[in-house]
Every structure is written in structure tokens, then in C-alpha cells.
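Coordinate analysis (summary)
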Amino acid sequence: MQADLLDEAQRAIARTLPARRDDYRLGYHLSPPAGWMNDPNGLVYFRGEYHVFYQHHPYSPQWGPMYWGHARSADLVHWEHLPIALAPGDPFDRDGCFSGSAVVDGDTLYLIYTGHRWLGEAGNDEQGMRQVQCLASSTDGIAFTKHGAVIDTPPHPDIMHFRDPRVWRRGDHWWMALGARQGDDPLLLLYRSRDLRQWDCLGRALEGRREADGYMWECPDLFELEGRDVFLFSPQGLEPDGHERWNLFQNGYRLGRLDERARFVAESELREIDHGHDFYAAQTLLAPDGRRLLWAWMDMWQSPMPSQAHHWCGALTLPRELSRDGDRLRMRPARELAALRQSRQALAIGALESGSRTLEVRGALLEFELELELTGSSAERFGLALRCSDDGRERTLLYFDAMARRLVLDRQHSGAGVSGVRSVPVAPGQTRIALRIFLDRSSIEVFVDDGVHTLSSRIYPRPDSLGVGAFAVNGRGVFAEGAVWSLADLKL
Ligand code: FRU
């Protein structure tokens, strides 16, 4: 049955491929060959390769009954799409194989995911749902055998949202973190097992309150980073606050300590981990060399997704290396991504007096490294215009706003569907802003000051909007020397 459902889904993808349009197709980011993608799932290193699974709907570019798509890579740069790993349809996961994680035990790769069933009509939350935690395994890392539900009842009858198991090894136990919602309050639940099959509930590691913490914590991750424990999660139901939390849902973290009683003692407030428009459901993986790598879904629920008209939708961010500075996380692009670099060109923009200049650079797949010099600059705002069209209609701006003292990503003219700005603060006394920017056909990822802040957003310029410019408004803008690389089009 599972094999038939997987074959049928694979055939649906193959049938759709000839109709797919590639104007917005990403060159070096993971996206589904066709159909829909959301959360990264089951990030794991198995037999010398990185495996990334993802929430996938192979039958349309809209969310639907969830499958697990699958890709793998030996080097974090080149990815091979593998057959779809999980299809919904068994009694315990009839309406969806929702998000989860993967672990390796001996020679076996295990997937732990949420089996989802609608109690009323599909998609109707009000009529209820049943969510259970399921196990599947594989010895070749490609074909999976389902073992059914291993946790089939939430610890309290008022818990209906109960999902996204994140499993890791600690001592001689497997541990599992789950996101849950009781009434209107969010919960982080912990379980423990010796064999991945029998699980004991350790209780509530952290409880939130609707007003302060949202109503649900999706996709929890819990890991140690340089001596502190990190609770990474995707809270739903928070309101914007100043410059923060402007996406429909957020992705953030709290630092703290998982104590002996399996309580997470939070020692910092929620902090958004990325400040772009499109970043959600991040998950991490511990690489064999000890690096903590992170991927997120580079989209947001209910945001414009113009590639749906082209029969595909959804992408993952670049893999990032996580580190910690005191109470803050830092994200740098995985060092392996330097292999994407093709030809290098020096960027010598220098000082620009009130005006704009078109640079001798064009491209959709580019990486920039440059610094904005705040000392000596007097402009109200200055920075770069990317993916500019020749007719002046399209451009994506990244600039320092001196009045607000913020670095701003402006996608008001970034092409089909999208709009709005996002920004991050520039510290008082800071004299320069270091930027590392990755452009792909429909995305921009900005790493600010070596990963102190990041902004990740989708943009949908026309394929011929390839220009790059620099500008300064009312005064001088000083750009330190930098470089730009064209990046490999791997057609992932
Ligand atoms: C997060 C999420 C998860 C769920 C999955 C369903 O984006 O809502 O909580 O498991 O997506 O596709």
C-alpha cells in the first residue's frame, strides 16, 4: 500500500515536470522538483551524507496531505533528489505525515513524525484533529518501513495540537521534544525512551501563556550550544512589537538550561532568529565535525507565492552554522558554500554623493561581500539596489537608514506579489556594517556583521531584472572595497 502511494506520488511529480516554468527556480537552494514544500524535516547525517527531508505535497503547489520529500548531499552544496520517503494513508497518519526528525541507531535510520488525521472535513481545525507520533525506519536511507504510532495519546485530554517530534540522544536515552497547545496556551513537552518505541512522558518542560507566548509552539528543537541549552521554536499567535514580529508567525529561540527534572529553565526572552519576511520552522543537525547546522523553510504561511502558477512552491534556506555570543545566536553561511563561487569581481564603489550609480555587475545568482562605512557617510540612507530592471520598475533595496539607525531590506518593488520592509538595528557606536548577501532567482539572504543578524526573504523579479546599483540619498554614502561572485547554477 505504502509502495503504491509512493509510486503514484512520484508519477504525479514526473507528469508535472514538463509543465513547470523555471523563471523563479532557485539555482542553489533546495526546493521540490514540483508541487509544494514547507518545513525541513529529519535533518540527519547518515553513512557519510547529509539527508534533508521536507513537508511535501506532490499533487499540487498548495499545501495538502503531507508527504516527506527527500534529498541528500555529501557536501552541503550539491543535492540529489531521492524518491519521496513517506506517504500518508495508514490509519495512524491517514491525512498527513507531519513534521518530525531523524536519528541514526546503529545501521538504521529512523524517522519520527506526526501522524495527522482530520476528524471532520479536511483543513477544518474547528471540527478537530488527532495527532500521534509515529516511527519509520530504513536500512538503506531511501526506502522506509512504517512502524505505526509510538505515542498515541497526548498527556492531557485538552491537548489536540500535539506534534513535530524532535528526537536526540542524551546519555543512554532517546529524548523527544514536542510542541503542543492546551486550550489557548502553548506547551513544550518532553518524552524519553530506551528504544524509540516505548516512550515515557516527562511532562511539561516549559509552559507558555497565550498573551505573552502565543497559542502554539510549532517545530521545537532543543540542543546544547557552547555550554547553554537552546530552545528553538516557531510560535504562532504573537502580535508585532516595535520592529519585531512582523511576519504572520515567528521563528525564535530562548536560551536556558534543561535541568535534572526535565524542565527548561529559560534564561532569556524570545528572540527572533532571522528578521526577513520568509523564515519558519527552522531545525538543526549536529554535523560530524561538531558544527550545529540549521535550515529553515524560506517562506511564510499565507504569503504571496507566485511560483504556484509555475507548478512548484517552497524552498529551504541555505544551511547555516550556528554559534553563540552571550545570549545571542549567530548564523553564518555554511563554509562549504564557498564552493558555489565562480568568477570574482572587485567592487570599488567608493564614496557616492547624493545619487545613484549602476555597477558593472549583473546577475540573478550572486554573492556580495562588502562593508558600508558609517564614519564619513552623511547620507540619510545609502546602500545597494539589487535585481534592478532596465525600465526602473523593479529593484530590491538594502540600505543603512541613518535616521532610524537600522539596516533595511526593502522589497516594495521586488517583483510579483511581494512587498514590505524588514530591518535590523545598527548598534550605537558601530562604525561599519559588514554585509554578505546571497541572491538566487527568487530569494535574498543577508548576513549582517558576520551573522549577528540575518534577513531572509523571497523576491520575485522578472528573469531579466539583473542590474545592480549603489545609491545615496541627501549626502555622502561610503562603501568600503568589496567583492562579488557569480554563483553556480546547480538547478537544484
Ligand atoms: C509548521 C507546521 C507543523 C506541521 C507542518 C504541517 O509549518 O504547521 O507544525 O507539522 O507544518 O505541514
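Residues numbered from 1 in each chain as written. Predicted model: local features only at pLDDT ≥ 70, side-chain atom pairs only at ≥ 80, totals over all residues. Heavy atoms only, no water.

Rules: UniProt positions are given in the numbering used here, feature names are shortened, and annotations may be inferred rather than shown by experiment.
Under the annotation held in an unreviewed UniProt entry, the protein chain carries the name Sucrose-6-phosphate hydrolase and is attributed to Azotobacter vinelandii. Under the Pathway (unreviewed entry) heading, UniProt states for the protein chain: "Glycan biosynthesis; sucrose metabolism." Reading the Sequence similarities (unreviewed entry) entry of the UniProt record for the protein chain gives the comment "Belongs to the glycosyl hydrolase 32 family."

**Remarks on the sheet that holds strand E4 (residues 80-86)**
Selection criterion: Between any two strands, pairing holds if DSSP finds at least two bridges. Only runs of H or I of at least four residues qualify as helices and only runs of E of at least two qualify as strands under DSSP, and these elements are numbered from the N terminus.
Read from one edge to the other, the open sheet built from five strands follows the order E4-E3-E2-E1-E20, with strand pairing classed as mixed. At either margin of the open sheet sits one strand with a lone partner, and together these are E4 and strand E20 (312-313). Alignment of strand E1 (residues 35-46) against strand E2 (residues 49-57), held across seven bridges, turns out to be antiparallel. Paired with proline 40 across the bridge in E2 is tyrosine 54.

**Points about the sheet that holds strand E19 (residues 292-297)**
Counted only if it meets this: To obtain each axis, a line is fitted to C-alpha atoms, and for helices this fit is confined to the stretch in contact; angles are then taken between N-to-C directions over 0 to 180 degrees.
As summarised here, the arrangement of the four strands in space is E18-E19-E21-E22, forming an open sheet in which the pairing is antiparallel. Strand pairing shows two members of the sheet lacking a second neighbour, strand E18 (280-286) and strand E22 (328-333), which therefore form its edges. If you compare each strand with its neighbour and ignore which way they point, the axes differ by 40 degrees on average. Bridging between E19 and strand E21 (residues 320-325) involves three bridges; their strand directions are antiparallel. Bridge pairing in E21 places arginine 292 opposite leucine 322.

**Some points on the pattern of salt bridges**
Heads up, the condition is: The term salt bridge refers to a side-chain nitrogen of Lys or Arg lying within 4 Å of a carboxyl oxygen of Asp or Glu. We call a residue buried when its accessible area falls under 20% of the maximum for its residue type, exposed when it is over 50%, and partly exposed in between, using a 1.4 Å probe and counting protein chains only.
The full count for this structure, using the stated rule, is 42 salt bridges. Close ionic contact of arginine 72 with glutamate 49 constitutes a salt bridge, the shortest N to O distance being 3.8 Å. In this pair, arginine 72 sits in strand E3 (residues 67-73) while glutamate 49 sits in strand E2, placing the two residues 23 residues apart along the sequence. Judged by relative accessible area, glutamate 49 falls into the partly exposed class, the value being 24%. Note that aspartate 259 is salt-bridged to arginine 261, the shortest N-O span being 3.6 Å. Taking relative accessible area as the criterion, arginine 261 reaches 56% and is therefore assigned exposed.

**Side note on the site of the ligand**
The test is simple: We call a residue near a molecule or strand whenever a single non-hydrogen atom of that residue lies within 4 Å of it. As used in this structure description, the phrase polar contact means that two N or O atoms lie within 3.5 Å; if the pair is within protein, one of them must be able to donate a hydrogen and the other to accept it, and residues adjacent in sequence are counted only when both atoms belong to side chains. Only the protein chains shown count as cover for residues, with accessible areas throughout obtained via the Shrake-Rupley method and a probe of 1.4 Å.
Close contacts around the ligand come from Asn38, Asp39, Gln55, Trp63, Met66, Phe98, Ser99, Arg163, Asp164, Glu218, Tyr280 and Trp301, and that covers them all. Glutamine 55 places a side-chain nitrogen or oxygen 2.7 Å from an oxygen atom of the ligand. The side chain of aspartate 164 places a nitrogen or oxygen atom 2.6 Å from an oxygen atom of the ligand. About the coverage of the ligand: the protein hides 95% of its 320 Å² of free accessible area. Within the residue set of the shell around the ligand, elements represented by two or more residues are E1, strand E5 (96-105) and strand E9 (159-170).

**Concerning the UniProt feature "domain: Glycosyl hydrolase family 32 N-terminal" (unreviewed entry) in the protein chain**
Look at the UniProt record and you will see "domain: Glycosyl hydrolase family 32 N-terminal" (unreviewed entry) annotated at residues 29-333. Between the first and last C-alpha atoms of residues 29-333 the distance is 12 Å; the span itself is 1% helix and 56% strand.

**Section: the domain arrangement of the protein chain**
Let me state the cut-off plainly: Either an automatic procedure or a domain database provided the assignment from which the domain bounds are taken. Contact criterion: two residues are considered in contact whenever any of their non-hydrogen atoms come within 4.5 Å of each other. Note on definitions: buried area is the accessible-area loss of two parts on being combined, 1.4 Å probe, summed for both.
According to the domain assignment, the protein chain contains domain 1 (2-333) and domain 2 (343-487). Once you take the C-alpha centre of each, domain 1 and domain 2 turn out to be 32 Å apart. Every contact between the two is made by 34 residues of domain 1 and, on the other side, 36 residues of domain 2. Summing both sides of the interface, domain 1 and domain 2 together bury roughly 2900 Å²; the carbon and sulfur share of this comes to 52%. Across the contact surface, domain 1 and domain 2 share five salt bridges. Here arginine 320 ties to glutamate 445 by a salt bridge, and the two come within 2.8 Å at their closest N and O atoms. Top element by residues in the side of domain 1 that touches domain 2 is E22. It accounts for five residues.

**A look at the side chain of serine 442**
Position of serine 442 relative to the elements: it lies in the loop between strand E30 (432-440) and strand E31 (443-448). Within the structure, the side chain of serine 442 is placed 2.9 Å from the backbone oxygen of tyrosine 24, a separation counted as a polar contact. Residues contacting serine 442, with those up to four places away along its chain left out, are Tyr24, Leu26, Trp312, Ser457, Arg458, Ile459 and Tyr460.

**A few points about the packing of aromatic side chains**
Keep this limit in mind: Working definition: a ring pair exists when centres of Phe, Tyr or Trp rings (six-membered ring for Trp) sit within 6.5 Å. Plane angles under 30 degrees give stacked, over 60 give edge-to-face, the rest tilted. Only lysine NZ and arginine CZ atoms are considered, and such an atom sits over a ring when it is within 6 Å of the ring centre and within 35 degrees of the ring normal.
Under the criterion given, the structure shown has 22 aromatic pairs. Here tryptophan 63 and tryptophan 301 contribute two aromatic rings whose centre-to-centre distance is 6.4 Å and whose plane-to-plane angle is 80 degrees, an arrangement assigned as edge-to-face. Placement of the pair is tryptophan 63 in the loop between E2 and E3 and tryptophan 301 in the loop between E19 and E20, with a sequence separation of 238 residues. By way of ring pairs, the aromatic residues Trp36, Trp63, Phe98, Trp297 and Trp301 are connected into one cluster. Taking NZ or CZ as reference, arginine 169 lies 4.7 Å from the ring centre of tryptophan 174, over its face. The ring of tryptophan 175 has arginine 170 lying over it, and the distance from NZ or CZ to the ring centre is 5.0 Å.

**Some points on unusual backbone geometry**
In this model, cysteine 219 sits at a positive phi of 45 degrees, which is unusual for a non-glycine residue. Relative to the elements of secondary structure, cysteine 219 occurs in strand E13 (residues 216-225). Residue classification places cysteine 219 among the buried residues on the basis of a relative accessible area of 4%. Residue glutamine 302 is not a glycine yet carries a positive backbone phi of 65 degrees. Considering the arrangement of structural elements, one finds glutamine 302 in the loop between E19 and E20. Its relative accessible area of 73% is what places glutamine 302 among the exposed residues.

**Looking at the nonpolar core**
Soluble, globular proteins show a tendency: their nonpolar side chains are buried together. The condition that has to hold: Here, the term nonpolar core denotes a set of buried Ala, Val, Leu, Ile, Met, Phe, Trp, Tyr and Cys residues that are joined through side-chain atoms within 4.5 Å.
By size, the foremost hydrophobic cluster in this structure holds 34 residues, and its most contacted members are Phe368, Leu407, Leu435 and Ile437. Looking at this core, the elements that each hand over two or more residues are strand E24 (350-362), strand E25 (366-373), strand E26 (381-388), strand E27 (395-401), strand E28 (406-413), E30, E31 and strand E33 (467-479). When near neighbours in sequence (up to four residues on either side) are disregarded, phenylalanine 368 contacts Leu347, Leu384, Leu386, Leu435, Arg436, Ile437, Leu439, Val468, Ala483 and Val484.

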